[in-house]
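What the coordinates show
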Amino acid sequence: MGDDPVCHAVNTLFAPPGPPWLLPLLLLIFLYLVCGLLVLCDKWFVPTLERIKFLADLPDHLVGALLMGGGSSLTELFTSFADALGTRNSIGFGTIAGASIFNLLGNAGVAAIIANQALVITPAPFIRDCIFYAVAAGAMFYMLLDGQVTAGECYGLLGMYSVYVVAVLVQTPLTNFIHQANRGCMADSRDAKTGPLLEEMPTLSPQPADDLEPQASSPLFEFMSSPGFVCLCYPFVAIFNLTLPNPTTSGGVMTVYSFVVTALWIAVLSFGMAYSGSAIGCVTNVNSALIGITLVATATTLSGVFASSIVAKRGHGDMAMSNALGSNISVSYTHLTLPTKRIV
């Protein structure tokens, strides 16, 4: 870790092994940034996605796989950028690997426990995401066999992610077209027997309750309403209120603005967690890859866990599961390749 600029800065400011209060201070900073991430996801990130879903009339699996999955996994992307452009150690790759494991083993499980109800999962989006993630995991394993990431491999992974995005976008129209074609064939076969009476029967298409305009909801966890937590996170809330609109009432342009700025705030918090996590590894002489695959990976994945838990609690099983798998697909296909200083 001698070439790590974070370790160099820590050793320059504090002669090894450093003062006894340094490690507790770094841990408190790290945990405080996690609290800020929790507040950001609960009050702005998920409500903004719900607003986008309502305004654009998007299906649950699309919102979960692309918007929620991509947005919640931005923490891993910016941590990887922090590694490639700043820390230059293995914390970025360790975070990506650890986040993928945590998403598979923890994201869906925690969301199901918090939901406390049976969640309905549509088979087609689930099978689609499983296939693309299996391909992504195999491709990433093959790519790292020689310990290098070449430009051609990066372009290949990005191209595969483009195919995934197209598959998500066309799945709902294609499924609706197939259903309508089958329904037309069945109607034609019945018309030969029943005549025009069938044409007089109305087609019922009830409006689902979850398509109603989203309203402000209670926090994900009860302790978030406690005076102590509210006071502790008030600086975050004040800053977010100054830079972000109310996601439950904003219009189309302001909703897009809210999504972009929320992603930027996720980037800021992620950089802070990446650097504080790297500093913790330097002070404790723990390998940066181990810190990334445990401490930083768990913290940066919490945005996805919080998002999945919130929507699962409201009965959106497809959105929660698509987020768990979609964020892994986004991480595997793009987050190791986009930081250009990793390309050799």
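Residues numbered from 1 in each chain as written. Predicted model: local features only at pLDDT ≥ 70, side-chain atom pairs only at ≥ 80, totals over all residues. Heavy atoms only, no water.

Some remarks on the packing of aromatic side chains
Tallying each qualifying case throughout the model produces 8 aromatic pairs. With centroids separated by 6.0 Å and ring planes inclined at 35 degrees, the aromatic side chains of Tyr-161 and Tyr-164 adopt a geometry described as tilted. Of this pair, Tyr-161 and Tyr-164 both sit in helix α7 (residues 151-194), 3 residues apart, which is roughly one turn of that helix. The same class applies to Tyr-161 and to Tyr-164, which are both buried. The interplanar angle of 70 degrees and the centroid separation of 5.3 Å between the aromatic rings of Phe-240 and Trp-265 together place this pair among those described as edge-to-face. Here the residue Phe-240 occupies a position in helix α9 (residues 234-243), and Trp-265 occupies one in helix α10 (residues 252-284), the gap between them amounting to 25 residues. A residue is classified by how much of its surface remains accessible, and Phe-240, at 1% relative accessible area, is buried. Members of the aromatic cluster, joined through ring pairs, are Tyr-32, Trp-44, Phe-236, Phe-240 and Trp-265. (Phe/Tyr/Trp six-rings, centres within 6.5 Å; stacked < 30°, edge-to-face > 60°. Helix = DSSP H or I, 4+ residues; strand = E, 2+ residues; numbered from the N terminus. Buried < 20%, exposed > 50% of the residue type's maximum accessible area, 1.4 Å probe, protein only.)

Some details on the nonpolar core
Residues Leu-40, Phe-45 and Phe-240 are the most contacted members of the largest nonpolar core, which totals 46 residues. Within the residue set of this core, elements represented by two or more residues are α2 (22-56), α3 (60-72), α4 (74-87), α5 (91-115), α9, α10, α11 (288-313) and α12 (317-335). Membership of the second largest hydrophobic core comes to 16 residues, among which are Ala-65, Cys-154, Tyr-161 and Tyr-333. (Core = buried A, V, L, I, M, F, W, Y, C linked by side-chain atoms within 4.5 Å.)

Let's talk about the layout of surface pockets
When its volume is computed, the largest pocket comes out at roughly 580 Å³. Pro-59, Asp-60, His-61, Thr-172 and Asn-176 are, among the 22 residues lining the largest pocket, the residues nearest its centre. Elements with a minimum of two residues in the lining of the largest pocket: α3, α6 (123-143), α7 and α12. For the lining of the largest pocket, the leading source of residues is α7, giving 7 residues. A breakdown of the residues in the lining of the largest pocket according to their chemical character gives 4 nonpolar, 11 polar and 7 charged. (1 Å grid on protein atoms, 1.4 Å probe; cavity = no way out; pocket = protein on both sides within 12 Å on 5 of 7 lines; lining within 4 Å. Points joined across faces, edges and corners; volume = space filled by probe spheres on them. Nonpolar A, V, L, I, M, F, W, Y, C, P; charged D, E, K, R; others polar.)

Everything listed here is a matter of geometry and, on its own, says nothing about what the molecule does.
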